[in-house]
Structure formats: C-alpha cells, structure tokens
Amino acid sequence: MLTFTTNSRTDPMPDEERTAILADPGFGKTMTDHMVRIKWTRDGGWENGELLPYGPISLDPAAGVLHYGQEIFEGLKAYRHEDDSIWAFRPEANAERLQRSARRLALPELAVEDFVESIKVLVEADKNWVPEYGTGETSLYLRPFMIASEAFLGVRPSHEATFYVIASPAGAYFSGGIKPVSLWLSTEYARAGEGGTGAAKCGGNYASSLAGQVEAVAHGCDQVVFLDSSTHTYIEELGGMNIFFVHRDGTLVTPELTGTILEGITRSSILQLGSELGLQVVERRIPIDEWKDGVASGEITEVFACGTAAVVTPVGTLKWDGGECTVSTEPGETTMKIRETLLDLQYGKTADTRGWMQRLV
Ligand code: PLP
Ligand code: COI
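Residues numbered from 1 in each chain as written. Chains lettered and ligands numbered in written order. Predicted model: local features only at pLDDT ≥ 70, side-chain atom pairs only at ≥ 80, totals over all residues. Heavy atoms only, no water.

Draft legend 1. Representation of the site of ligand 1 in the model. Around ligand 1, the structure places 17 residues, and the nearest of them are Lys201, Tyr206, Glu237, Thr266 and Thr308. Residue Arg97 places a side-chain N or O atom 2.8 Å away from an oxygen atom belonging to ligand 1. The contact in question runs from an oxygen atom of ligand 1 to an N or O atom on the side chain of Thr308, over 2.6 Å. With the chains in place, 96% of the 380 Å² that ligand 1 exposes on its own is no longer accessible. (Near = heavy atom within 4 Å. Polar contact = N/O pair within 3.5 Å; in protein donor to acceptor, adjacent residues only side chain to side chain. Areas by Shrake-Rupley, 256 points an atom, 1.4 Å probe, with all protein chains shown as cover.)

Structure, rendered in structure tokens:
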C-alpha cells in the first residue's frame, strides 16, 4: 500500500469565505485547499502519494494527454453525517471502474486500497469543506483523474502517468429544486460506438457529447439523451447520467449494458434498492419509440436520470426534431421513493445493511 506525504497549504481559504461558499455551493465551481497527486512510471510503478496545496499543474506541452486524450476520471461524493463523521458511498466501486477505464485507455491501474486511501487523505485535510449535515443535497464532490504525462509525440501508451484527486463542494447539479428536467434526443450525434470507449469514464466521451449538449440547450433542454450509434434505435444514456423508466405496473426498466454505456454506480445501486423495495427491475434494450408510445398510452408513468452528480432527477419532457412528449410535470412517486432511499443511506439516516458506506473521517 502506498504512503502519503503531506505538504499543507499555509494560506487556506479564510473560514468566512469558505462558509459563504458552502452556503450555496452550486456544482463544481470552487475547489478546496488541497489536492492529491500520485506519479507513475512504466519502469518504477506507482510512487508514494503526496497531499499538496491545490493549484495549477505543470505539464510538458508534449504530454500525451494533450494530444491523444489519454485521460480517465471518476466522480464520487463525501457526505457529512449527523455525528460529524464523513463517509463515501461505495468508493471501491469507483476504484474498480477506474481500473476498467485504465485498461481500456491503456493507462496504469491504481490499486483499490490506494484509490480509497487517496480520497481519505484529501477529505481529512479538507474536512471543513464538507457541507454541514441537514443542508439538503449537499456534499463534497470528489474528482479523481489520471492523465498521460509523458512528453512524447509518437502514438503509443504513455510511459508516465499522474493520478490526482481534487474536490469541490456541491449542491444539486440541476438548479431550481426537484423539478423534472427536459431532454433533447440527439439523432445527429452519438456519444459512443461499438468497440469504442463508451463503457469507460474517459474525457473523450464527454468531449463527444458536448455538441449534442449544445444542441439540447439550443432547443431549451437541460440535457441530451443518446441512442445507440449502430441502429439509432435504442436508448443509451444521457451525456452524464443513466436513465430509468417506471412502468404502469411498477416495473423499473433501464437500458442494459452493451459496452457503449457507462455502468453507473448509482444505476447498479438503484437496481438493487428497487428490487429490495419490491419492484420488478429489468435491464434490456429499450427502443426510443417505446418511450414516445409509452407516454402516449400511459404505459410509462415516470422517467428519471441518475448519477453521482444528479443523484435521482425526474425527467419530464423529451424533445426531438419534430415533436415532444411529457411524461409528467411533477416528480413521480417511485422516483421520489428511490431518491429518498438512496439519499437516506448516503446521509446515514438509515442503517447501511449492505456495506456500501465507507467512513473517511
Ligand atoms: N453515465 C455517464 C455518461 C456519466 O457521466 C455518469 C456519471 O458519472 C453516469 C452515467 C452515472 O454514473 P455514477 O452513478 O457512477 O455516477
Ligand atoms: C458524475 O456524476 O460524477 C459525473 O461525472 C457526471 C457529470 C455530469 C458531472
């Protein structure tokens, strides 16, 4: 297991300034006082980790990440509980997904225990940045990421990589309370293709989603939803979230993992929680017409998006080139039940019977 050296900052943000930010953090706007760095070389493996003052990183202009996009990342949150302890939700699952992403992007794998320790080290140093218990959907969002840092212009896997963890206090990803968001159906752009990197959490997937997201915003929508790129028929996921449908009989349906969809940890957790709540849960291919027709016939009663940043967010309207349909203008009952079950667990309001919570501080 790696050890970590500490180089604390001598000029952390003054309490008053930080408190003002924590009162209304938004999402991803302010970074905390520190960051973690772990360097890797092909010959030497992982070096010991460092806790450093947060700040710009120095990178050779020829670094692989800047040219060939060899980059992967994760997203998870630290939650303050009522007794002031601080916890993460299934961090080992993020660590394992980072390893899968690393294999796909030909980057080195970081051991699960080192990933979890790196998060502990950062959250311990910046624990004052974790919002108070009972302030709604607030947490400290953690962003671990890894880049190809070798200076070399040939196209091959980098012989040097650097892993970082940064953190940012977070409120709700969508401002405006728990009201249904609108989605734009992208038919021009795909996010991922067969054999590509869709199942990995790499920056390139997000770069490829942005033109669709721009189109969504131009059509007055909050987010973009993508279809499979082979047949343009099946619903995959949003730019940064998975999607679920609630049917009239209570069945919970989500697109199956085809290799082009990110396997969300929220998605996996909801599949388990849903079935524990007595719902039938199904993973299968979902044609886009099933959404449109299901809303018209009343077969589909609720739609929601899910992810670390979005938690569980109700979806109202789907718009496409030439039409739109609205499943509901209010958050649905099943959506809210799942949302509350998940949040209660994350904030320690209900017992963690599944071993999903890991104490950080
Ligand atoms: N799909 C995409 C493309 C995402 O970016 C995310 C967010 O991380 C998710 C799904 C949901 O994953 P998770 O629940 O692990 O946050
Ligand atoms: C997350 O939910 O962690 C993501 O990476 C998605 C992004 C919309 C912030």
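Draft legend 2. Representation of the site of ligand 2 within the structure. Contacts to ligand 2 come from Phe27, Phe73, Gly75, Tyr141, Arg143, Tyr173, Lys201, Gly240, Thr308 and Ala309. One of the side-chain N or O atoms of Tyr141 is found 2.6 Å from an oxygen atom in ligand 2. Its free accessible area being 280 Å², ligand 2 has 89% of it covered by the protein chains. Taken together, the residues that form the shell around ligand 2 break down as five nonpolar, three polar and two charged. Here the shell around ligand 2 gathers at least three residues from each of two domains, domain 1 (4-170) and domain 2 (181-346). (Nonpolar A, V, L, I, M, F, W, Y, C, P; charged D, E, K, R; others polar. Domains from an automatic or database assignment.)

Draft legend 3. The domain arrangement of the protein chain, seen in detail. If you check the domain split of the protein chain, you get domain 1 (4-170) and domain 2 (181-346). Listed by partner, the interface residues are 21 residues for domain 1 and 22 residues for domain 2. Joining domain 1 to domain 2, the criterion identifies two salt bridges. With its nearest N and O atoms 2.8 Å apart, the salt bridge here joins Arg339 to Glu137. When contributions to the side of domain 1 that touches domain 2 are tallied by element, the ones reaching two or more residues are strand E5 (71-73), strand E6 (76-80) and helix H3 (91-104). (Contact = heavy atoms within 4.5 Å. Salt bridge = Lys/Arg side-chain N within 4 Å of Asp/Glu carboxyl O. Helix = DSSP H or I, 4+ residues; strand = E, 2+ residues; numbered from the N terminus.)

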